[in-house]
Amino acid sequence: MKPVASVSLDLDNLWAYLKTHGDPRWERRPSFLPSAVPRLLDVFGEQRLTTTVFVVGADAEREDGAAAVAAITAAGHEVANHSFRHEPWLHRYSPAELEAEVVRAEDAITAAGAPRPVGFRGPGYSVTPQLLDLLARRGYHYDASVLPTWIGPLARAYHNRTAGSTDGGADLFGGFGRVRAPNKAYRWRDGLVELPVTTMPLLRVPIHGAYLLQLHQLSPRLARGYFRTALRLCRARGVSPSLLLHPTDVLAAAEAPGMEFFPGMAVPGSEKVALLDWVLALLREHFDVVGTGEHVARVAATGLRERDPVAC
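Parameters at a glance
Going along each chain's sequence as written, the residues are numbered from 1 onward. Predicted model: local features are reported for residues with pLDDT of at least 70 only, side-chain atom pairs are reported and counted for 80 or more only, and whole-chain, interface and lining totals are derived from all residues. Heavy atoms throughout the structure, all of them, feed into the side-chain values; hydrogens and water do not. Secondary structure is summarised from DSSP: a helix means a run of H or I of at least four residues, a strand means a run of E of at least two, and numbering begins at the N terminus for each. In this description the radius of gyration comes from C-alpha coordinates, and the expected globular size is given by 2.2 Å times residues to the power 0.38. The contact criterion used throughout is that any non-hydrogen atoms of two residues lie within 4.5 Å. Note on areas: these come from Shrake-Rupley sampling with a 1.4 Å probe, and a residue is covered only by the protein chains present in the view. Only four residue types enter the tally: Lys and Arg on the positive side, Asp and Glu on the negative side, with His and both chain ends excluded. In plain terms, the charge of a residue is placed at NZ if it is Lys, CZ if Arg, CG if Asp and CD if Glu. Here a pair means two rings of Phe, Tyr or Trp (six-membered ring of Trp) with centres within 6.5 Å. Their orientation is stacked below 30 degrees between planes, edge-to-face above 60, and tilted elsewhere. Between buried and exposed lies partly exposed: a residue is buried under 20% and exposed over 50% of the maximum accessible area for its type, with that area taken using a 1.4 Å probe on protein chains only. By definition, being over a ring means that NZ of Lys or CZ of Arg is both within 6 Å of the ring centre and within 35 degrees of the ring normal. The nonpolar core is taken to be a set of buried Ala, Val, Leu, Ile, Met, Phe, Trp, Tyr and Cys residues, with the residues joined through side-chain atoms within 4.5 Å. In this analysis the probe radius is 1.4 Å and the grid spacing 1 Å, with only protein atoms considered; a cavity is a set of points the probe fits into but cannot get out of, a pocket is an open set with protein on both sides within 12 Å along at least five of seven lines, and lining residues have an atom within 4 Å of a point. Grid points are joined across faces, edges and corners, and a volume is the space filled by probe spheres set on the points. Each residue receives one of three labels: charged for Asp, Glu, Lys and Arg, nonpolar for Ala, Val, Leu, Ile, Met, Phe, Trp, Tyr, Cys and Pro, and polar for the others, Gly being one of them. The directions from the helix axis to the C-beta atoms form the arc being described. By definition here, a helix of n residues has an expected span of 1.5 Å times n minus one. Strand pairing is defined by DSSP finding a minimum of two bridges between the two strands.

**Q** Teacher, can you tell me more about the overall build of the chain here?
**A** Within the chain, the regular secondary structure consists of 11 helices and 10 strands. For a compact globule of 312 residues, the expected C-alpha radius of gyration is about 20 Å, and the chain comes in at 18 Å, within 12% of that figure. With the C-alpha coordinates of the chain rotated into their principal frame, the extents come out at 50 × 45 × 40 Å. A sequence separation of at least 24 residues applies to 76% of the contacts in the chain between residues at least 6 apart. Of the roughly 12600 Å² of accessible surface on the chain, 54% is carried by carbon and sulfur atoms. Averaging the locations of the 34 positively and 33 negatively charged side chains of the chain gives two centres separated by 8 Å.

Laid out in structure tokens, this is it:
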């Protein structure tokens, strides 16, 4: 049997990117969901994949977001919680603010027709012991907020240099210490399973969509070689990849106005779709690809090492 892997999609909307970047146009709540969601569901359908989609609660309350949740659920994909307001400084919230953020997103997702979520991913890979405790108390099965890489401070420096505002920017995306986090699933001491967003084994550099597209912008051959190498290392090191996607992985720059700062936005939309199709086909060739919740269930059944939440 092939080893397991998973694909997840963070359904971050245009307004959320603009808000984090300090662009006041976010207040008009521009959306690219009507363009991105059908395109992504088509790619998943062609690849015969069941994935997990992490939904922002504020979008699930909107007409286009609720329609997206309904379409995602009807297609058989898991819907998970990606916070209500999608603020990457979630780690700065008070306990009461944090609980309200998680619960309000749950309510919006279920009101849109999806089952109550059992998985969570913090925006901007934001995770704290307080968040993990809250999720465990609310009956979540897993968290998927950790990106085990050393590039967090570099991403933060880029964000602070290009953003119109640096609200929360002092500690966004974690520190260099994240490189010490496991690259495989593990269990927090409260029982919650952590499924990290996979980075390239040994080098600990990201392999998810935005980074591949940035490489593709430089050289399509380089991007494909990079991803092939990552999958070879995953198999050699016994890492079950958890691949992260975003709507921008299929959108042209004209469909995401104001996001010129984002990696890979100079790549035409048709090339993005073709690259994603190739990535998913290659992943399926070497792994049994499922959604995040199913991935967690399978690896949890084999036994997982425990880790202290203070170390996150």
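Okay, back to it.
**Q** How do you make sense of the packing of aromatic side chains when you look at a structure like this?
**A** The geometry of an aromatic ring pair comes down to the distance between the two centres and the angle between the two planes. Considering all chains together, one arrives at six aromatic pairs under this definition. Seen in terms of ring centroids, Trp 15 and Trp 26 are 6.3 Å apart; in terms of plane orientation they differ by 35°. Their pairing is tilted. Here Trp 15 is found in helix α1 (residues 14-20), whereas its partner Trp 26 is found in the loop between α1 and α2 (33-46), with 11 residues between them in sequence. A centroid spacing of 5.1 Å and a plane angle of 70° characterise the contact between Tyr 17 and Phe 262, whose relative ring orientation is edge-to-face. Residue Tyr 17 is located in helix α1, and its partner Phe 262 is located in the loop between β8 (242-245) and α10 (269-286); the two are separated by 245 residues in the primary sequence. No difference in accessibility class separates Tyr 17 from Phe 262, as the two residues are buried. Following the ring pairs from residue to residue traces out a cluster consisting of Tyr 17, Phe 32, Phe 261 and Phe 262. Looking at Arg 121, its charged tip hangs above the ring of Phe 54, at a distance of 4.3 Å from the centre.

**Q** Can you walk me through the nonpolar core in this structure?
**A** Nonpolar side chains in soluble globular proteins tend to end up buried together. The biggest cluster of nonpolar side chains holds 68 residues, and the ones touching the most others in it are Val 7, Leu 11 and Met 259. Leu 98, Tyr 140, Val 146 and Ala 181 belong to the second largest nonpolar core, which has 17 residues in total.

**Q** I'm lost on the side chain of Ser 145 in this one. Help?
**A** Along the chain, Ser 145 falls in the loop between β5 (142-143) and α7 (152-162). Excluding its chain neighbours within four sequence positions, the residues that come into contact with Ser 145 are Phe 120, Arg 121, Gly 122, Tyr 125, Ser 126, Val 127, Arg 178 and Glu 194.

**Q** What is the right way to read the layout of surface pockets from this model?
**A** It is the rolling of a water-molecule-sized probe over the atoms that shows where space remains empty. As a volume, the second largest pocket reaches approximately 160 Å³. For the lining of the second largest pocket, the class distribution of residues is four nonpolar, one polar and four charged.

**Q** Explain helix α6 (residues 129-137) here, please?
**A** Spacing of three or four residues puts side chains on the same side of an α-helix, whose turn is 3.6 residues. Considered for burial, the residues of α6 that qualify are Leu 131, Leu 132, Leu 134 and Leu 135. Each buried residue of α6 lies within a common arc of 160° when the element is viewed along its axis, so the set occupies one face. Contacts made by the buried residues of α6 are with α5 (95-111), β4 (119-120), β5, β6 (186-188) and β7 (193-194). Just beyond α6, the residue with positive phi is Gly 139, at close to 85°.

**Q** Help me understand helix α4 (residues 63-74) in this model?
**A** For α4, built from 12 residues, the straight-helix expectation of 16 Å at 1.5 Å per residue is met to within 8% by its first-to-last C-alpha distance of 16 Å. Burial in α4 covers these residues: Gly 65, Ala 68, Val 69 and Ile 72. The buried residues of α4 occupy one face: seen down the axis, they fall within an arc of 100°. Residues Glu 63 and Ala 74 are exposed on α4 and point more than 90 degrees away from its buried face. Where α4 is buried, its residues touch α2, β2 (52-55), α3 (57-60), β3 (78-81) and α5.

**Q** Can you help me understand unusual backbone geometry in this one?
**A** Most peptide bonds are trans, and most residues other than glycine sit at a negative phi. Positive phi is not limited to glycine here, since Ser 83 has a value of about 80°. By the secondary structure assignment, Ser 83 is in the loop between β3 and α5. Phi angles above zero are rare outside glycine, and His 86 is one such case at about 50°. Among the structural elements, His 86 can be located in the loop between β3 and α5.

**Q** I would appreciate a short explanation of the pairing of β8 in the present structure.
**A** Here is the key point about a regular strand: its side chains alternate between the two faces of the sheet. Side chains Ser 242 and Leu 244 project from β8 onto one buried face, and the interleaved Leu 243 and Leu 245 project onto a second face that is buried too. One ladder, built from four bridges, connects strand β1 (residues 4-10) with β8; its direction is parallel. When the sheet's bridge partners are listed, Ser 8 is paired in β8 with Leu 244.

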